[in-house]
Each structure stands twice: as C-alpha cells, then as structure tokens.
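# Remarks on the overall topology
In case you want the letters, here they are:
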Amino acid sequence: MTKRLIGVMTALALALTPQARAQDGGANGTDNGERRQIDMRQAPPSFRLGIRVLTHRHARQASPVLVIADSPDAYVKAIAGWDERTIYPVLIDDGSWRAAENIGRFVRGFKPEKIVRLTEADALPEDRAEREELLERTLASIWGQGRDDLASDEVMTELVSHLQFAVHMPPGIVVADAKDPAWTAGLALAAGHAQPIMWFNRSKIYNNAGGTLSQEQTADLSSTIETRLEELGIAWQGLGDAVDAVTIAMNLPVKCQLDMGEKDSERFALTDVIGQHRALSSGRLTNLQRWAWSGQIFGNESEAAYRAMCSLFLQPSQAWIFDGYPSSAPWNAYDGSATAENLGKANLPSTLLDEPRNGVDSWLASTTQALDADVVFVNSKGLPEYFDLEPGRAYASDVPVLDRPAAVSYVHSWSATRPDDATTIAGAWFRAGAFMYVGSVHEPFLQAFIPTPIFGLRLMGGLPWSVACRPDGVSPVWKIAVIGDPLLAIGSERPRTGVIEIEESTELAREIQDAVKDDDFARVVRTEAMLGQDAEIVRLVSAIVREKEDLFTPEIAKLAAMPAFRTHNKDLLVSCALILDKETLGETGIGRALWHIAESDIRT
C-alpha cells in the first residue's frame, strides 16, 4: 500500500475520530512517522479493516495472465495454482453469450498480457461432503497447508491457525454451499482475501436472490455462521478483532421478513442483519452493535466467478456520477458535484451530470455509447422498475451498456429488491456487467443512505464498500443491501509480476486460427469477443454482411451486436437486430442497446 494512501486514510481517521483529533493537538513539532503510527493504531475498526485488505492485496502480486476455464472442474484446478505470493484471474466459459461478454469486459478492464484456456481437469465430486472436502483442501494448499494426513474436519482449523500467523488474521469468513453455483465466488474470495470458508446447506431455502427469507431461515443462517466461528476458534464478536466481514456466496434472497417489521410487507436487507448482535431479537429501530460488515454474491458458476475476480483484480480509473436530485434540502446533501470533488482528491476523475443536466434527456443522451467507467454513483427516486430524475422518468431498460465491469451505488428506494430480475434497476445493472451494487431492498427513506459525497470520500480513503455505505457506531437493522464482495476496496493496483505458465493450457488466440481454417466464423467472433477485440469483430462481420450474407447467421449476429454498439457502428447493430428474434433481443439487452444508439436519431 502506498504511503500516499496511508496518508489519506490517516487524515480521514483523524477527521472522524474525536479521540485521535484531541491527541493530535495540531502540534507542528510531532514527528510525522511516529504520529501516523499512533493514529492508525487508534483509528476506527472500519479504517483498520481497509488497511488489512489493502495491505494484503499489496503483498500478493498478480500475474498478468487470464485463465479461461471450460468448466467448474477446470476452474478449481486453475485456482489451485495460486499461492501465498502470486495469484491470477480465472473466469469460466460455459459456452453462453453472457459468459463471452463478461470475459471480454473483464479483459478490457484487466488488460492481461496473455489469455489461456484450461480444459482438462478431474471431475468434481457429486457428493456434497466430498466436494466440500476437496474445495477446503484446495484452499488450504494455496497456503501450503494441504497435508494429506489431516482429517477432513481438521483442514479448516489448521488453515485458520496458519493464516493468523501468515497474514496476522483473516479479515472475514466466506459462507457458501458447495452445491450452489455461487460457490465459485466463495472459493475465489476465500483464497484471494486469505479467509476461511464454511458451508451452509442452501437446499433448506428455495428462494433465489429476488425472493424473501423468513425470520426462521434468517435466524438459521445467522446462528450457523456464529456457531462455526466459535468452532474455528476465531475472535469475531467485536469490530477490530479477527473476523470483521462475512461474504455470503450463495443464491439467497437479498431481503428478509422480520418480526420487527411494522407491516407484513416490510423487508430488511440480509446483509445488514448478518453481522449485527441481537438483530433478530430486538425491536424495530433499536440501535445495535455490529460485529461484522457483510455482502453477498449470487449467480451461476460463470457469473459468480466473474464478480469475484473483478473485485480481486480491478481498480477504478474513471467514475460516472448522475445526480438526479434537486439542489434544495435535503436532497443537496447527496450533491453529485461534491462527490466528484471528493473523488478528485484521490485522483479519480469523474464524468459528472448534475443540475441543470440531470433530467431524463441528459441521461439518455449520455448513454448512447457504452459507459467507460468503473465506478458509478446515481441519485434518483422511484420504484424497482423506474427512476425519476430532474425532470423526467427513466426505466430499468435505460441502464447504460458497460464497456468494463463497474461497481454501482444507487441512492434510490426499492432498486435492489429483485437483483436477479433484469426488468428492475439492480437487475439491469448486473445484466450490463456490474459486479458490485449497493442499493435498497425496500423503502428506506433518504437518511438511510450515507450522503453520496461522504460515501465517495470514505471509498477514496480505502474503506471497503460494505463499510463505507453504512454509518459508524451503533445502528438499527435496515434496508441497504451490499451485493458483491464486502471487502472490495479502492486503493493502489495489485502489483504485477511476470507472466507465469499455466500447465496444460492453450493460448486462446490460437483458437481463432483453427476456426478460420474450419470456416467456423461464429467461433472466430466468439473468441474475439472473449479477447475484448470489438474492432476486429466489427470489421469481420461487416465484411460478411457485405460480401457473404449467406454466412451472416443469427448466432454471429448475436455475438457481433454488442461489439457493434461499443464501437458505435449503427449500421451493423441494426443488421444484427433485424435477424434476431424478440426473445433474444430482450434477454441479451441487444434491443436495449439499439434504442441507446438510436437516441440521437430519434430526437432529430
């Protein structure tokens, strides 16, 4: 971690901690190095957690090679190649259109020097207990702890003991189900952040991310986590001890119905319940002590792996801020201009749309091309499917197309109530390629959100997203959900080392040569999409449309449509849309992209 970032975090800690301010006293004669050491030791647990995450990231280098695993089996084999000094991103190509799009988006963000495919691997056990043991031993082997003489129930205990010495203490714990598709994120985030993993049988809960957990189901999950922490012998009951984060890597609902609700319809954020003492036994709006900050990841094997790898390997270079609030109180506390100013203090440039350019016309005009931003802040009003601006109304279908993966903060009621539904705001952002989302699962009222300028400042100070979006000190269980890695933190990039060789892998670029020999143009286009080569795709498919239209199949059109949009090639995008069916246009967002790119034409 750079000295500059430590300085920013120290300054923020001093600004927010009365005790530290009093001890600082403004004495100009105090040695800066000595004073910084004292201040950081007395900084709030929120800042100390950020330091732990960023320090560990700086200590483990990234090899600039991207491994594309053909299956979850190959994914485990690839991650087993990580060690305590070096890691590299691993994504899963399940053959789908969405997987190719996500891989290409990640490539544009990470910029690997080499991309390889790994196909051969031993099949994962179908038996739940056997799979859990295999994943635990894989995780332990990364830290040199995969001893065969350990019994299955000893592996995680031994790993926890090792991590307390190797990295001082694990920052949190990962909760996963080895039979739930999102286990791929759980394994990656456990290995990437040096955390233990525990298992929860999700088969007792049939609802997905858009459903609702009952009081009993929520209590079962919460008590299972706390019991397992006791069994592992990790200090967890207070902030600032060993475990300060909980990552839920399962397709569980993001909201729950608790007995404390005023009405049967009231919902609370699962990630605000998990990590608070007495969350299920206290009255509504009772201030509670927190013991951890939580986040959750959902999706299939490919999507969950993508969201985890984005958190571990990408750092933002550009923000996009849209302030759809008026400049009067209380809305002005969330001012986008102040947010941009605070991001600028840490040298993160922003594209800002604020009064008077904060109506629906400005939104639509600014999204006619792919959004070139890594972090997004939006203030608006409305319901799950639409958001009101100043003036005008936009819909989930108006969420922009993302050029690169993005982390999104949305100050808006209801936006995250069904994040697996692309007709809602959060669902549309995830379909577009977002990997982190902070938003509300119900009507939270404006004051439930940390004011956007302060949230931005806290992020720039290195606080993880799950920490920065919540108030310090005691607070009641409420409705803001963190959907993503709770330990995602903004700071210096992970240092890079040389390209390492991945055994039994082949370079992805070679597949293009083989596909050309076979006249398999769909395979050529799909491979180029994963390589992030939009311009090459547009040149090839445009030539096919002009010269060999009989080869222009719906499969090629589906693969080429979004590259056409990202390169702002209207003619090719229209050609692609015309031979695709309505269902494909809706599921992929290609129809939405067509409206985006045609916005200026429609208005003139």
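The coordinates are above.
The model shown is predicted, which means the values in this text are computed figures rather than measured ones.

## Description of the state of the cysteines
Scanning the entire structure with this criterion turns up 0 disulfides. The structure places no disulfide on Cys256, whose sulfur is separated from the nearest cysteine sulfur, that of Cys469, by 15 Å. Classification of Cys256 as buried rests on a relative accessible area of 0%.

## Side note on the pairing of strand β15 (residues 375–379)
In the case of a regular strand, side chains alternate between the two sheet surfaces. The buried count for β15 comes to 5 of 5 residues, which makes it a mostly enclosed element. Side chains Val375, Phe377 and Asn379 of β15 all project onto a buried face; the interleaved residues Val376 and Val378 project onto the opposite face, where all are buried too. The pairing of strand β13 (residues 319–323) with β15 spans 5 bridges and is classified as parallel. Paired with Ala319 across the bridge in β15 is Val375. Bridge count between β15 and strand β19 (residues 406–411): 5 bridges; the pairing is parallel. Counterpart to Asn379 in the pairing with β19 is Val411.

## Describing the sheet that holds strand β11 (residues 268–269)
Sheet architecture is open: 3 strands sit in the order β8-β10-β11, paired in mixed fashion. Edge strands, defined here as strands with exactly one partner in the open sheet, are β8 (212–213) and β11. Two elements, β8 and strand β10 (residues 255–256), share 2 bridges in a ladder whose sense is parallel. Among the inter-strand pairings, Thr212 is bridged to a residue of β10, identified as Lys255.

## Focus: the environment of Pro453
Secondary-structure assignment places Pro453 in helix α16 (residues 452–460). C-alpha of Pro453 to C-alpha of Ser337: the two residues are 116 residues apart in sequence and 8.2 Å apart in space. In this structure Pro453 touches Ala333, Tyr334, Asp335, Ala338, Thr339 and Asn342, once residues within four positions along its chain are discounted.

## Remarks on the packing of helix α13 (residues 336–344) against α16
At a minimum axis separation of 8 Å, α13 and α16 run at an interaxial angle of 10°. Comparing the axis directions of α13 and α16 gives the class roughly parallel. By crossing handedness, the relation of α13 to α16 is classed as right-handed. Of the residues in α16, those touching α13 at Ala338, Thr339, Asn342 and Leu343 are Thr452, Pro453, Ile454, Gly456, Leu457 and Met460. Looking at the contact of α13 with α16, its residues break down into 6 nonpolar, 4 polar and no charged.

## Structural notes on the packing of aromatic side chains
Inspection of the entire model under this criterion finds 21 aromatic pairs. A ring pair is formed by Trp236 and Trp291, whose centres lie 4.8 Å apart and whose planes are at 75°; its orientation type is edge-to-face. Of the two residues, Trp236 is situated in the loop between α10 (215–232) and β9 (245–249) and Trp291 in the loop between α11 (270–273) and β12 (293–297); the sequence distance between them amounts to 55 residues. Per residue, the accessibility class of Trp236 equals that of Trp291, and both read buried. Here the aromatic rings of Phe455 and Trp465 are separated by 5.5 Å at their centres, their planes lie at 85°, and the arrangement is edge-to-face. With Phe455 in helix α16 and Trp465 in helix α17 (residues 465–468), the pair connects residues that are 10 residues apart, well separated along the chain. Residues Phe455 and Trp465 agree in their burial class; the two are buried. Taken together, the aromatic side chains of Phe298, Trp320, Phe322, Trp363, Phe387, Tyr410, Trp429, Phe430 and Tyr437 make up a single cluster linked through ring pairs. The ring of Phe268 carries Lys479 above its face, with NZ or CZ at 5.8 Å from the centroid.

Reading the values: rules and limits
Residues numbered from 1 in each chain as written. Predicted model: local features only at pLDDT ≥ 70, side-chain atom pairs only at ≥ 80, totals over all residues. Heavy atoms only, no water. Disulfide = S-S within 2.5 Å. Buried < 20%, exposed > 50% of the residue type's maximum accessible area, 1.4 Å probe, protein only. Helix = DSSP H or I, 4+ residues; strand = E, 2+ residues; numbered from the N terminus. Pairing = 2+ DSSP bridges. Contact = heavy atoms within 4.5 Å. Axes fitted to C-alpha atoms, helices over the stretch in contact; angles between N-to-C directions. Parallel < 35°, antiparallel > 145°, perpendicular 65-115°, else oblique. Left-handed = near helix turned anticlockwise from the far one by under 90°. Nonpolar A, V, L, I, M, F, W, Y, C, P; charged D, E, K, R; others polar. Phe/Tyr/Trp six-rings, centres within 6.5 Å; stacked < 30°, edge-to-face > 60°. Lys NZ or Arg CZ within 6 Å of the ring centre and 35° of its normal.

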